[in-house]
Amino acid sequence: MEKRLQAVFLMAVFFCLVCCSNSETFFLPVEEETSDRGGMVLVRSFGRSVTLGTENEKAPPDVHPAMKVTFDYDFSISSHEVTRSEYYSEVVSGRAPDGWMKDMTPDSGNYPMVQVTFYDAVLYANAKSKGDRLDTVYTYDEVVLDGDGNCSSLGNLLFHPEVEGYRLPTEAEWTIVAESHWNPGKSWNLERSENSLHEVCTEGNGGESLPVCDMAGNVMEWVNDWKGAFTDGEVSNFVGANDGGTMGERVLKGGSFHNAASSMRIYSRGDVYTVTSSTKSGYVGFRLAYGAIPTPTWLSGGTPVAKSNYSLLAKAEKVQEEMGTRHAKLVFRNITSKKLAYVDYGAIPLAVKEIEDTLEAYHPELSPDGEWVAFCTGIEGVSRQSSLYVRRLGVAGANLVRLDVESAAIPRWKVLDSGDTVIVYVTSAANNRDAAVFKAASTWQVKFSDGKFGIPEKLFDGAYHGGISEDNSLAVTGARLFHIRRVGISDRVQEETWYNGEQVCNVSLSKDGTDRSLFLDFGGKTGRDFTAVNYGVHGMLLVADKTGKLVQGIPAPRNYTFDHTEWARGNSGYVVTSLMNSEGSHSKISLLDTSDSSFVDLLGGDDLWHPSLWARPEPKAVAESELDLDSACVYLTPYAGSRARIMKVKMDLFWKYRETAEAVAIGSSRSFSGFDPRSFSSLFAINLSYSSQDLISTEYFVRNYIVPLMPKLKMIVLSLDFDRWDTDGGDFQKYFSAIPGYQYDKSHGFWADGVPPEMAEIAENSPALDSSEAGLYSFHRGLYFSTTAGWGEDPPSIDGSASWYRKSKRKFEYNLELLKKILGIAKEKGVVVVGVLFPQSPLYRENGVWGRYGLDESSADEIRDIVIGLTREFPGFIVVDLYRNGQHVFEYGDFANEDHLNLGGATKATWLIDNYLKALLN
């Protein structure tokens with residue numbers, strides 16, 4: 001018999017809970033009952049609502065604006081986080097992938113399972129569903145495990161909210177439950193936990209007396225959502241963002257034993273550092289939910305959208321093999337989401353990215369350098385006005401420009417003999433069967449340079465949107481009839497209709513100088529006679545030579561027909577095409593090799609139109625290099641965390657500028673965000689800092705790369721993060737040691753005998769981040785934080801103990817010895833080291849701690865005195881204190897958050913460092 005547990009408590013208890021929490025609003029708790037799923041609570045959320053985010057203007061940007069979410073369903077949620085013993089039972093159940101968590105041993109304790117990725121939680125949920133003979137909520141086609149047995153990736157992972165099974169709770173589900181059980185002051189928080197993990201349901205929120213435990217404290221919890229912007233409207237059955245944006249961010253909830261009670265907020269959505277699906281930590285776990293979600297709503301840029309489901313059908317290596325280069329990109333229109341989307345086969349990880357805006361976008365084509373995409377708002381065969389746009393290829397779609405003409409359609413890029421890049425377009429893409437209508441339209445070209453259009457130039461009458469040959473002798477088109485324009489001897493112009501006047505479409509002129517035209521027909525007699533195949537509409541891809549003679553016919557794959565066929569740019573003989581299934585949906589994009597009629601399926605989806613494939617050959621120096629290109633400068637793997645992803649960009653900068661740079665900034669995210677080399681006038685500088693860099697890694701880079709390989713180096717600007725010296729972990733070993741590029745450098749003695757001259761070019765052309773993400777990390781992190789301002793709420797986030805130094809100095813002494821090693825390496829080469837204490841929020845001082853990671857003021861003063869004392873042993877060591885125990889010159893608007901400066905603050909900090917050094921050294 002189901003025992004009913006009323007979560008609507010007596011009003012006195014209710015108000016007590018509300019007053020004890022730091023939630024901003026009063027709420028009526030949802031009704032909870034014992035679920036028929038063991039260990040779970042049934043949440044009666046139907047007809048209820050919850051607020052995500054906050055209107056507190058000092059809160060981080062990712063929790064603005066406050067958004068109301070309503071529920072049209074009930075669901076169940078685990079009463080506590082999944083424990084180690086529960087997790088282990090699924091690992092050994094036979095329902096999980098081989099090798100998953102291979103080193104895990106039985107555990108009799110009731111501690112939450114930590115050190116798990118989002119993917120690990122998905123595998124656990126699926127295993128639970130299989131154990132209960134349920135359909136799985138998640139599907140995937142590949143499991144990738146790291147060296148510890150954790151799942152670091154699931155290929156083509158799809159979430160099916162309509163399935164009744166086990167899954168992670170959505171952020172909205174987690175929050176509506178947490179509202180009834182939110183009491184950080186009585187949780188396993190930093191003050192009560194002794195900064196360590198505890199068994200579930202042993203503290204906070206009344207312990208065992210309530211149906212749900214540990215929503216605040218102990219461990220942070222994975223939820224199901226991609227992290228994206230909220231909307232100020234009301235959303236029903238919210239399931240998160242359409243994707244995780246540039247960095248693939250996920251949502252974490254709840255706070256942990258690392259966090260002060262005052263720092264835990266029910267609306268918080270992440271951790272100190274960027275959280276992705278492969279993130280794992282000793283203070284992150286999860287609990288499960290159960291139940292289907294009807295009519296779910298995703299958001300994209302704060303706007304409700306239909307969910308785009310993509311399946312990457314070809315690995316990057318396969319596409320690179322076919323195209324003969326590591327540099328290939330695909331762009332297309334997704335009819336479902338009404339957006340342009342793209343795949344960069346040279347970027348890591350391989351993913352489909354959508355460009356965020358609401359512009360109509362058809363017939364996209366990538367520029368000759370692969371950096372821009374041109375598109376139009378009109379469509380072949382439809383008579384209507386069309387605008388032509390160009391923008392950067394990236395999720396932000398930056399540098400959008402519109403050609404200021406009455407109508408322009410179907411853009412095609414071309415490089416002239418002069419070296420100028422132009423876009424050829426037509427004034428109308430309408431049906432060309434009517435000769436008068438066709439001749440009334442015209443073909444134009446316009447120069448495009450430095451993100452701007454030149455002055456349009458008319459080429460000739462007629463809408464020849466299928467392409468123009470390199471020497472301008474042939475122009476083709478085919479929106480019903482296959483019209484061609486040929487310039488012959490003595491510049492005599494000849495206009496013809498090919499293919500016996502039968503109906504054609506999707507005409508595309510080759511980009512390799514052979515002037516072959518591919519096209520589709522409608523099962524016409526000419527094509528059937530040539531191929532001796534009785535095919536139907538778009539059942540055959542036909543190729544004609546430059547005289548119009550048919551030279552090839554390639555049938556569509558079984559159960560599919562062709563559409564939107566285009567020659568690929570960069571490799572002769574390849575065609576990219578949409579494939580339409582029997583239901584009329586363009587469900588695949590495929591690559592066709594016309595030399596052997598073989599297909600490589602690239603992408604699957606709901607309705608994928610107008611593909612354009614670009615490839616660029618490897619630079620000569622790279623192609624001819626004797627170095628192993630699978631390892632040399634490969635500082636990134638598909639499953640690398642945020643530290644390695646940032647450092648990939650930094651290592652490219654290192655190799656590019658190592659011979660010319662005179663100064664290097666290195667350290668944690670405080671120097672990452674706080675030092676802008678562009679504002680440092682004393683010396684030409686680069687910034688090699690990354691988030692959470694510790695002194696172990698700093699010493700590694702200084703010893704092996706910076707000092708020995710930078711011949712003009714005069715100065716190192718080093719972040720001194722005293723509150724982070726409560727660690728002796730192996731940051732480099734954990735996050736970088738398995739990455740091929742670092743191993744390759746080590747195996748070659750870090751190039752002590754000489755750096756190969758092509759190294760910078762190899763680095764520039766090695767597997768990279770998507771350009772949208774790489775741009776965030778370039779010279780410093782100020783661009784990453786440029787849109788944010790303020791040191792946030794009072795009290796600020798506190799993620800470490802104020803007393804760690806007084807309790808034990810062992811870790812401090814370990815870090816002090818690392819600093820001495822760095823100073824010794826620099827001293828030997830005559831390099832000055834400038835140690836900088838970057839500013840943090842003055843609110844830390846008011847709350848009894850020195851910085852975000854703890855330490856009290858008197859201990860910080862003692863550490864600073866010890867560090868300053870090193871200047872006697874190392875005369876080239878200078879300490880610049882911009883923090884001054886919170887009594888600094890930086891204002892609220894100079895900060896991005898509690899302990900990082902924004903772009904304006906970085907400019908000010910760098911100017912202060914620069915001027916201090918000028919005064920000191922002069």
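For the structure, see preceding data.
Here is a short report on the structure shown in this document. (Residues numbered from 1 in each chain as written. Predicted model: local features only at pLDDT ≥ 70, side-chain atom pairs only at ≥ 80, totals over all residues. Heavy atoms only, no water.)

The next subject is the overall build of the protein chain. In terms of helices and strands, the protein chain carries 21 helices and 51 strands. For 922 residues, the compact-globule estimate of 2.2 N^0.38 gives 29 Å, and the C-alpha radius of gyration of the protein chain, at 30 Å, lies within 12% of that figure. Seen through its C-alpha atoms, the protein chain measures out along the principal axes to roughly 90 × 85 × 50 Å. Across the 922 residues of the protein chain, 61% fall into the buried class. Partitioning the intrachain contacts of the protein chain with sequence separation of at least 6 by distance along the chain shows that 67% fall at a separation of at least 24. If you sum the accessible surface of the protein chain, you get close to 35400 Å²; carbon and sulfur atoms cover 50% of it. Within the protein chain, one finds 89 positive and 123 negative side-chain charges whose respective centroids are separated by 2 Å. (Helix = DSSP H or I, 4+ residues; strand = E, 2+ residues; numbered from the N terminus. Rg over C-alpha atoms; globule rule 2.2 N^0.38 Å. Buried < 20%, exposed > 50% of the residue type's maximum accessible area, 1.4 Å probe, protein only. Contact = heavy atoms within 4.5 Å. Areas by Shrake-Rupley, 256 points an atom, 1.4 Å probe, with all protein chains shown as cover. Lys, Arg positive; Asp, Glu negative; His and termini not counted. Charge placed at Lys NZ, Arg CZ, Asp CG, Glu CD.)

A few words on the state of the cysteines. By the definition in use, this model includes 1 disulfide. Here Cys-201 connects covalently by a disulfide to Cys-213, the sulfurs 2.2 Å from one another. Its S-S torsion of approximately 95° makes the covalent link between Cys-201 and Cys-213 right-handed. Here the residue Cys-201 occupies a position in the loop between α5 (190–193) and β11 (220–226), and Cys-213 occupies one in the loop between α5 and β11, the gap between them amounting to 12 residues. (Disulfide = S-S within 2.5 Å.)

Enumeration according to the criterion identifies 51 salt bridges in this entry. A salt bridge links Asp-74 to Arg-44; the nearest nitrogen and oxygen atoms lie 3.1 Å apart. A residue pair is termed long-range when its members are at least 10 positions apart, and Asp-74 in the loop between β4 (67–70) and β5 (75–78) and Arg-44 in strand β2 (residues 40–44) qualify at 30 residues. Salt-bridge contacts for Lys-648 lead to Asp-652; the nearest nitrogen and oxygen are separated by 2.9 Å. Of the two residues, Lys-648 and Asp-652 are both situated in helix α10 (residues 642–657); the distance of 4 residues between them amounts to about one turn of the helix. (Salt bridge = Lys/Arg side-chain N within 4 Å of Asp/Glu carboxyl O.)

The strands that make up a sheet pair up through hydrogen bonds in the backbone, lying either parallel or antiparallel. The strand order across the open sheet formed by 4 strands is β23-β24-β25-β26, and the pairing between neighbours is antiparallel. Unpaired on one side and paired on the other, β23 (362–366) and β26 (401–402) mark the two borders of the sheet. Across 3 bridges, the pairing between β23 and strand β24 (residues 372–376) is antiparallel. Of the residues in β24, the one forming a bridge with Glu-365 is Ala-374. (Pairing = 2+ DSSP bridges.)

What follows deals with the pairing of strand β49 (residues 877–881). Within β49, 4 of the 5 residues are buried, leaving the element largely enclosed by the surrounding structure. Summarising the sheet, strand β48 (residues 832–837) and β49 pair through 5 bridges and their orientation is parallel. Bridge pairing in β49 links Val-836 to Val-880.

Turning our attention to the nonpolar core. If you look at the biggest cluster of nonpolar residues, it comprises 83 residues, and the most contacted ones within it are Trp-655, Phe-701, Tyr-705, Ile-706, Trp-725, Tyr-742 and Val-867. If near-sequence neighbours (up to four positions away) are discounted, Tyr-742 is found in contact with Tyr-635, Met-647, Met-651, Phe-701, Tyr-705, Phe-732 and Phe-736. (Core = buried A, V, L, I, M, F, W, Y, C linked by side-chain atoms within 4.5 Å.)

This brings us to the side chain of His-160. Within the secondary structure layout, His-160 lies in the loop between β9 (158–159) and β10 (166–167). Polar contacts involving the side chain of His-160 include one to the side chain of Thr-139, which spans 2.8 Å. Those residues in contact with His-160 that sit more than four places away from it in its chain are Val-137, Tyr-138 and Thr-139. (Polar contact = N/O pair within 3.5 Å; in protein donor to acceptor, adjacent residues only side chain to side chain.)

With 16 residues, α10 should reach 22 Å at 1.5 Å per residue; the first-to-last C-alpha distance of 23 Å fits that figure. Within α10, 15 of the 16 residues are buried, leaving the element largely enclosed by the surrounding structure. (Expected span 1.5 Å × (residues − 1).)

Once that is clear, we can look at helix α6 (residues 316–323). For α6, the full list of buried residues reads Ala-316, Val-319, Gln-320, Glu-322 and Met-323. Viewed along the axis of α6, the buried residues span an arc of 160°, placing them on a single side of the element. Along α6, exposed side chains directed more than 90 degrees from the buried face belong to Glu-317 and Glu-321. Looking at the buried residues of α6, the elements they touch are β20 (327–334), β41 (574–580), β42 (586–593), β43 (598–604) and β44 (608–616). (Arc of directions from axis to C-beta.)

Pairing is mixed across the open sheet formed by 3 strands, whose spatial order is β14-β11-β15. Only two strands of the sheet have a single neighbouring strand rather than two, namely β14 (250–253) and β15 (284–286). Shown here is a sheet whose adjacent strand axes are inclined to one another by a mean of 50°, direction ignored. Direction of pairing for β11 relative to β14: antiparallel, over a ladder of 3 bridges. Note that in β14 the partner of Trp-222 across the bridge is Leu-252. Together, β11, β14 and β15 form the strand contacts of helix α3 (residues 118–131), whose direction differs from that of β11 by roughly 85°. (Axes fitted to C-alpha atoms, helices over the stretch in contact; angles between N-to-C directions.)

All right, on to the pairing of β41 then. In terms of residue burial, β41 counts as a mostly covered element, since 6 of its 7 residues are buried. Here strand β40 (residues 561–567) folds back onto β41 in antiparallel fashion, the turn holding 6 residues, of which Gly-570 has a positive phi close to 110°. When β41 meets β42, the two strands line up antiparallel, connected through 7 bridges. Along β42, the bridge assignment pairs Val-576 with Leu-591. Hairpin remark: β41 followed by β42, antiparallel, with 5 residues in the connecting loop; positive phi at Gly-584, about 90°.

Summed over the entire model, instances satisfying the criterion amount to 48 aromatic pairs. Their ring planes at 25° and their centres at 6.3 Å tell us that Phe-71 and Phe-75 sit as a pair that is stacked. Each of the two residues, Phe-71 as well as Phe-75, counts as buried. Aromatic pair Phe-118 and Tyr-119: ring centres 6.2 Å apart, planes at 75°, arrangement edge-to-face. With a relative accessible area of 12%, Tyr-119 lands in the buried category. (Phe/Tyr/Trp six-rings, centres within 6.5 Å; stacked < 30°, edge-to-face > 60°.)

Another aspect to go through is the packing of helix α2 (residues 84–91) against α3. The geometry of α2 relative to α3 is characterised by a closest axis approach of 10 Å and an angle of 70° between their N-to-C directions. By the angle between their axes, α2 is roughly perpendicular relative to α3. Crossing angle aside, the handedness with which α2 passes α3 is left-handed. Every residue of α3 that contacts α2 at Glu-86, Tyr-87 and Glu-90 is listed here: Asp-120, Tyr-124, Ala-127 and Lys-128. The residue makeup of the contact of α2 with α3, split by class, is 3 nonpolar, no polar and 4 charged. (Parallel < 35°, antiparallel > 145°, perpendicular 65-115°, else oblique. Left-handed = near helix turned anticlockwise from the far one by under 90°. Nonpolar A, V, L, I, M, F, W, Y, C, P; charged D, E, K, R; others polar.)

Turning our attention to the side chain of Asp-894. Residue placement: Asp-894 occurs in the loop between β49 and β50 (895–897). There is a polar contact of 2.8 Å between the side chain of Asp-894 and the backbone nitrogen of Glu-891. Separated by 2.7 Å, the side chains of Asp-894 and Lys-908 make a polar contact. Setting aside its immediate chain neighbours within four residues, Asp-894 contacts Leu-901, Asn-902, Gly-904, Gly-905 and Lys-908.

Okay, a nonpolar patch on the surface next. On the surface, Tyr-916, Leu-920 and Leu-921 cluster together into a nonpolar patch covering about 290 Å² of accessible area. Within the secondary structure layout, Tyr-916 lies in helix α21 (residues 903–921). Accessibility expressed as a relative area gives 38% for Tyr-916, which makes it partly exposed. (Patch = residues over 30% accessible without salt bridge, like charges linked within 9 Å, V, L, I, M, F, W, Y side chains within 5 Å.)

Axis separation between helix α18 (residues 810–828) and helix α20 (residues 857–873) bottoms out at 11 Å; the angle between their running directions is 25°. When the interaxial angle is binned, α18 and α20 end up roughly parallel. Helix-helix and strand crossings are classified by hand; for α18 and α20 the assignment is right-handed. In contact with Phe-812, Leu-816, Leu-819, Lys-820, Leu-823 and Lys-827 of α18, α20 contributes Ile-863, Ile-866, Val-867, Leu-870 and Glu-873. Its residues assigned to classes, the contact of α18 with α20 comprises 8 nonpolar, no polar and 3 charged.

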